[in-house]
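Observations on chain architecture
Each chain, letter by letter, is given below.
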Amino acid sequence: MKKAIITGARRIGFWIAKRLLRENWQVGIIYRTYSDSIRELESDFGRNVIAVKADLSDLDNLKAPIDSLLDSLGGIDCLLHLASPYIPTKFGNVSKSDLFEHINPIALSFFLVVQHCVPYMLKNQGPIKGRILAFGDWATNTTPYRGYGAYFLAKGALHTSIKVLARELAPDVLVNAIALGPVLKPEHISQELWESYILKTPLKREVSIEDITELSLFLLKVSSMTGEIINLDSGRHVCGECE
Ligand SMILES: NC(=O)c1ccc[n+]([C@@H]2O[C@H](COP(=O)([O-])OP(=O)(O)OC[C@H]3O[C@@H](n4cnc5c(N)ncnc54)[C@H](OP(=O)(O)O)[C@@H]3O)[C@@H](O)[C@H]2O)c1
């Protein structure tokens with residue numbers, strides 16, 4: 001039975017977890033807030049779901065929850081990192097805590113969790129001993145929009161870490177990312193604004209959950225791709241300027 005650890009399983013992560021569980025994977029989840037999503041996964045998939053609470057901002061206390069998941073799962077094949085705040089920050093008033101509130105869970109915890117999981121991956125058989133998949137954002141490093149500086153700084157570090165880790169971990173562990181466009185409306189923005197974002201994509205539609213789960217599964221099985229960041233964004237990245 002394949003084993004995955006997923007950080008952040010409230011919305012998109014929930015659908016990916018569900019898909020893996022249906023394919024008979026065992027899934028360990030790192031959650032910050034116990035949500036209906038976690039409750040549903042536990043109730044539908046029983047002992048194949050192991051959920052552990054951790055705040056990924058707290059970099060000094062990541063080892064215990066990850067150890068507990070690795071022990072309960074008895075190893076790990078794949079790590080999926082979705083945990084990410086998405087909080088607007090006004091340039092000029094961005095505080096140190098705004099910056100750390102984003103970069104810790106998005107990028108720094110990712111790097112540390114990877115370092116912690118890789119020795120367990122290296123115990124696996126086969127030329128490919130593990131796969132890592134992170135979730136970035138189409139606008140990172142190309143067209144970051146205004147008002148989300150702390151978020152984009154953190155996603156930029158995450159995108160860089162994909163390349164850094166792909167080099168460090170080859171040939172045993174593959175490291176890739178999906179850079180998403182609009183999928184699910186963030187709670188803090190209006191429906192009207194959200195629809196305007198969708199209209200800026202050439203395809204004029206949200207990225208589908210089905211596409212995300214399919215591409216994720218592909219990247220959890222692929223054997224000849226590493227260090228790649230794939231835009232899955234209804235074509236948004238080819239349209240340039242945001243405003
Ligand atoms: N939704 C979109 O349209 C979209 C677009 C572009 C990129 N993405 C990327 O896709 C991924 C999933 O997006 P989503 O919309 O499903 O995100 P979401 O609903 O906002 O959920 C993000 C998850 O991250 C967790 N999280 C945030 N800060 C954390 C921390 N300090 N420690 C532990 N967990 C933390 C949240 O936990 P809580 O439940 O405690 O808040 C939640 O489970 C993210 O990486 C996001 O940046 C999404």
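To start, this report covers the structure provided alongside it. Since the model is a prediction, treat every value here as computed from it, not as a measurement. (Residues numbered from 1 in each chain as written. Predicted model: local features only at pLDDT ≥ 70, side-chain atom pairs only at ≥ 80, totals over all residues. Heavy atoms only, no water.)

1. Re the environment of Cys 239
Secondary-structure assignment places Cys 239 in the segment after strand E7 (229-232). Residue class for Cys 239 comes out partly exposed when judged on its relative accessible area of 37%. Expressed as a C-alpha distance, the spacing of Cys 239 and Thr 201, which sit 38 residues apart in the sequence, is 7.2 Å. With residues near it in sequence (within four places) discarded, Cys 239 still touches Lys 200 and Pro 202. (Helix = DSSP H or I, 4+ residues; strand = E, 2+ residues; numbered from the N terminus. Buried < 20%, exposed > 50% of the residue type's maximum accessible area, 1.4 Å probe, protein only. Contact = heavy atoms within 4.5 Å.)

2. Here we look at the site of the ligand
The immediate surroundings of the ligand are formed by 27 residues, with Arg 10, Arg 11, Thr 33, Leu 82 and Val 183 found nearest. In the environment of the ligand, an oxygen atom lies 2.8 Å from a nitrogen or oxygen atom belonging to the side chain of Arg 32. Against a free-state accessible area of 900 Å², the protein chains account for coverage of 90% of the ligand. Elements represented by at least two residues in the shell around the ligand include exactly strand E5 (130-137) and helix H5 (149-169). The element that contributes the greatest number of residues to the shell around the ligand is E5, accounting for 3 residues. Considered class by class, the residues forming the shell around the ligand number 15 nonpolar, 6 polar and 6 charged. (Near = heavy atom within 4 Å. Polar contact = N/O pair within 3.5 Å; in protein donor to acceptor, adjacent residues only side chain to side chain. Areas by Shrake-Rupley, 256 points an atom, 1.4 Å probe, with all protein chains shown as cover. Nonpolar A, V, L, I, M, F, W, Y, C, P; charged D, E, K, R; others polar.)

3. Quick look at the packing of aromatic side chains
Per the counting criterion, the structure on display carries 8 aromatic pairs. Between Tyr 31 and Tyr 34 the ring centres are 5.6 Å apart and the planes differ by 75 degrees, which places this aromatic pair in the edge-to-face class. Relative accessible area serves as the criterion here: at 14%, Tyr 31 is assigned to the buried category. Centre to centre, the rings of Tyr 86 and Tyr 148 are 4.5 Å apart; their planes meet at 10 degrees, and the pair counts as stacked. Taken as a pair, Tyr 86 in the loop between strand E4 (78-81) and helix H4 (96-121) and Tyr 148 in the loop between E5 and H5 lie far apart in primary sequence, 62 residues in all. (Phe/Tyr/Trp six-rings, centres within 6.5 Å; stacked < 30°, edge-to-face > 60°.)

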